[in-house]
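Observations on the three-dimensional arrangement
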Amino acid sequence: MSNTNEIQLGGQFTFPGTSLTVKRMGYGAMQLAGPGVFGPPKDPAGAVAVLREALASGVNHIDTSDFYGPHVTNQIIKQALHPYPEELVLVTKLGARRPEDGSWQLANSPQQLIDGVHDNLRNLGLEALDIVNYRAMGGGAGHGPAEGSIGEQVSVLADLKQQGLIRHIGVSNATATQVAEAQAITDIVCVQNQYNLVQRDDDALVDDLAKQGIAYVPFFPLGGFSPLQSSSLSAIAEQLGATPMQVALAWLLHRSPNILLIPGTSSVGHLRENLAAAQLTLSPETLADLDKIAASEAKQ
């Protein structure tokens, strides 16, 4: 960790079997779209400013999807950052679509996945996508993973990789069984699931992926916190002179070296707060106190 940005942004991680090296603190573009991740933002110039500030701060890992908006976030990314710096890694995902009513619908047929790759390429202004995650939509509403084969979908992405349209493949909202199924088809460089201080169903998966050098990218780092947990977290944050969100992000960075963060925001101020979380040092005592929050959740 030789330069300041690397230290501030949690060090570096290289996706396995690739030349793609990113800072561990990245940025998620979902909140750049309008309310409900649908339609254009109220402040398009502000969205552009957030992206440019992220790169100026050293971020070189941006997570997006063409179904955010739809098309909106990718078009803003292109407007703000194209032509892209060589070190920037753009990660996108497939598996959903957003019809005019703003609902979230499955889009996982072979043709829908192929079309989705071409939508991402066009709206980002790229000839090939660095990493594409197949997002399993889970049980009905798509919240939380649900068992079921994802082999057909991953095979479609593997074919697109052979064609040179995709460089690398990941999975999202996936169970350990689905991750193994995908790995039997093609190399998997990252897994993107819901995980945070209290929602730790993936503890074993995080550790297994770490042994393989595969990135684990948690979403909703503060999702599902009850008022009781929030009060405990707030008390620890106050002791550290930090915000609860910063502590939750710092805990994730401490949790395992293969964890990459992609907190999203449409505010330059919140972006700076999120990135500052990488500078928080959590003592063994503080980590133990934070683990107690998860333990109390498990007993409920």
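A few points on the structure. (Residues numbered from 1 in each chain as written. Predicted model: local features only at pLDDT ≥ 70, side-chain atom pairs only at ≥ 80, totals over all residues. Heavy atoms only, no water.)

Describing helix H9 (residues 244–255)
Side chains three or four residues apart in an α-helix point the same way, a direct result of the helix having 3.6 residues per turn. As a reminder, the rule being used: Helix numbers and strand numbers start at the N terminus; a helix is a DSSP run of H or I with at least 4 residues, a strand a run of E with at least 2. One less than the number of residues in a helix, times 1.5 Å, gives the span that helix is expected to have. The cut-offs for exposure are 20% and 50% of the maximum accessible area for each residue type, with area from a 1.4 Å probe on protein chains only; residues under the lower value are buried, those over the upper are exposed, and the others partly exposed.
The end-to-end C-alpha distance of H9, which contains 12 residues, comes to 16 Å, matching closely the 16 Å that a straight helix rising 1.5 Å per residue would cover. Burial within H9 is extensive, with nine of its 12 residues counted as buried. Gln-246, Val-247, Ala-248, Leu-249, Ala-250, Trp-251, Leu-252, Leu-253 and Arg-255 are the residues of H9 that are buried.

Points about the pattern of salt bridges
Threshold: We count a salt bridge whenever a side-chain nitrogen from Lys or Arg sits within 4 Å of a carboxyl oxygen from Asp or Glu.
On inspection of all chains with the given rule, the structure shows nine salt bridges. The shortest N-O distance in the salt bridge between Arg-122 and Asp-119 comes to 2.9 Å. Here Arg-122 and its partner Asp-119 are both found in helix H4 (residues 110–124), three residues apart, which amounts to about one turn of the helix. A salt bridge links Asp-289 to Lys-292, with the nearest nitrogen and oxygen atoms 3.5 Å apart. With a gap of three residues between them, Asp-289 and Lys-292 both fall in helix H11 (residues 284–299), about one helical turn apart. The class for Asp-289 is partly exposed, based on a relative accessible area of 33%.

A few points about the nonpolar core
Our working rule: We define the nonpolar core as a collection of buried residues of types Ala, Val, Leu, Ile, Met, Phe, Trp, Tyr and Cys that are connected through side-chain atoms lying within 4.5 Å of one another.
Formed by 79 residues in total, the largest nonpolar core has its most connected members in Tyr-27, Leu-51, Ile-62, Ile-77, Val-171 and Leu-290. Counting residues per element, this core draws most heavily on H9, at six residues. Membership of the second largest hydrophobic core comes to 13 residues, among which are Leu-20, Val-89, Ala-215 and Leu-260.

Here we look at the packing of helix H2 (residues 44–56) against helix H10 (residues 268–276)
As a reminder, the rule being used: For helices, the fitted axis covers only the stretch in contact; all axes are lines through C-alpha atoms, and the angles between them, taken along N-to-C directions, range from 0 to 180 degrees. Any angle from 65 to 115 degrees is called roughly perpendicular, while one under 35 is roughly parallel, one over 145 is roughly antiparallel, and all others are oblique. The sense of a crossing depends on the near helix, which, turned anticlockwise from the far helix by less than a right angle, makes the crossing left-handed and, turned clockwise, makes it right-handed. Two residues form a contact once any of their heavy atoms are found within 4.5 Å. Residue type decides the class: Asp, Glu, Lys and Arg count as charged, Ala, Val, Leu, Ile, Met, Phe, Trp, Tyr, Cys and Pro as nonpolar, and the leftover types, Gly among them, as polar.
As a packed pair, H2 and H10 sit with axes 9 Å apart at the nearest point and diverge in direction by 25°. Overall, the two elements H2 and H10 adopt an arrangement that is roughly parallel. Judged by the twist between their axes, the crossing of H2 over H10 is right-handed. Contacts from Ala-49, Val-50, Glu-53 and Ala-54 in H2 reach Val-268, Leu-271 and Arg-272 in H10. A class-by-class count of the residues in the contact of H2 with H10 yields five nonpolar, no polar and two charged.

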